[in-house]
Amino acid sequence: MQYVIDPPPRAFVPVAGETSVFPVRRIWCVGRNYADHAREMGADPTREPPFFFSKPGDAVNTGGSLPFPVQTADLHHEIELVVAIGRGGHDIPVEDALGHVYGYAVGLDMTRRDIQAEAKKLARPWDLAKGFDQSCPISPIVPAARIGHPSEGRIEVAVNGKVQQSGDLAQMIWSIPEAIAYLSRFVALAPGDLLMTGTPAGVSSVKPGDTLRGTCEGVGEIVVTYGA
Ligand code: MN
């Protein structure tokens, strides 16, 4: 295949303990999947059908020193368990869903909350609030073959050493298999897709110079320091 311009490099996430890396296709995100976070965003946390949005695959990064995002005065952290899809499919039954998972990571669904608030008010898309450059810092992926499929465990993020979000994976409104099954009714999932599974309460504003340390028990850690 001859391209008319140089093709962009494929985004990828390191795999813990491996030299091979996980290639990234799309990043899907579940909205309001923890009741306490739905409440803090002014929504009703009843078990209405899940909703999804996406980030471009090349929003992934391994954290470390990142430039502070442009066009926001209200950058929020959302710590989330990330599911890495290893086998594609559509209309995946709930009972088969975990068989499509390659592994897990912990990531930050960084959000320009001021742009999102404006979009909500005007009934506009969320893309520029959620899908900006480097908006998805993510830990190395750990294969499910090594750790199994987490359904409980502490997930939290500290900002400059102070815990801001702390929850448990067991608090998800839609479980991982349910979210995979539901999403696969709307799009065909493919190897390389990532699914961010929602965030617990405690989202807050990040300032230039802040350091975020996100952890998920048994899965990993992601550290980001924002520059000026
Ligand atoms: Mn989120």
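Trainee: Could you give me a rundown of the coordination of the manganese ion, with the residues and numbers involved?
Mentor: Ligation of the manganese ion by protein atoms is provided by Glu78 (OE), Glu80 (OE) and Asp109 (OD), these donors lying 2.0 to 2.1 Å from the ion. Within one chain, the residues serving as donors to the manganese ion are arranged as E-x1-E-x28-D. The exposure classification of Glu78 matches that of Glu80, with both residues buried.

Trainee: Requested: an account of the nonpolar core, with residues and values cited.
Mentor: If you look at the biggest cluster of nonpolar residues, it comprises 38 residues, and the most contacted ones within it are Leu81, Ile180 and Tyr226. Mapped onto this core, the elements with two or more residues apiece are strand E3 (26-30), strand E8 (79-85), strand E9 (101-108), strand E13 (154-159), helix H5 (176-183), strand E17 (211-216) and strand E18 (220-226). In this view, Leu81 contacts Tyr104, Ala105, Pro150, Ile155, Leu169, Met172, Ile176, Leu195, Met196, Thr197, Cys216 and Val219; residues no more than four positions away in its chain are not counted. Among the nonpolar cores identified, the runner-up in size contains 20 residues, and Ala11, Phe22, Val60 and Ala119 belong to it.

Trainee: Tell me about H5, residues and numbers included.
Mentor: In terms of burial, H5 is a largely internal element, seven of the eight residues being buried. Within H5 the residues assigned to the buried category are Ile176, Pro177, Ala179, Ile180, Ala181, Tyr182 and Leu183. Its buried side turned inward, H5 meets E3, strand E4 (52-56), E8, E9 and strand E15 (194-196).

Trainee: Would you mind going over the sheet that holds strand E12 (residues 142-143) in detail, with residue names and values included?
Mentor: An order of E4-E3-E15-E8-E9-E12 is seen for the six strands of this open sheet, with the pairing classed as mixed. At either margin of the open sheet sits one strand with a lone partner, and together these are E4 and E12. As defined by bridge partners, E3 adjoins E4 across five bridges and the pair is classed as antiparallel. Its bridge partner lying in E4, Arg26 is registered against Pro56. Taken strand by strand, H5 contacts E3, E4, E8, E9 and E15, and its axis lies near 60° from that of E8.

Conventions we followed
Residues numbered from 1 in each chain as written. Predicted model: local features only at pLDDT ≥ 70, side-chain atom pairs only at ≥ 80, totals over all residues. Heavy atoms only, no water. Donors = N, O, S within 2.8 Å, 3.2 Å for Na, K, Ca; no water. Buried < 20%, exposed > 50% of the residue type's maximum accessible area, 1.4 Å probe, protein only. Core = buried A, V, L, I, M, F, W, Y, C linked by side-chain atoms within 4.5 Å. Helix = DSSP H or I, 4+ residues; strand = E, 2+ residues; numbered from the N terminus. Contact = heavy atoms within 4.5 Å. Pairing = 2+ DSSP bridges. Axes fitted to C-alpha atoms, helices over the stretch in contact; angles between N-to-C directions.

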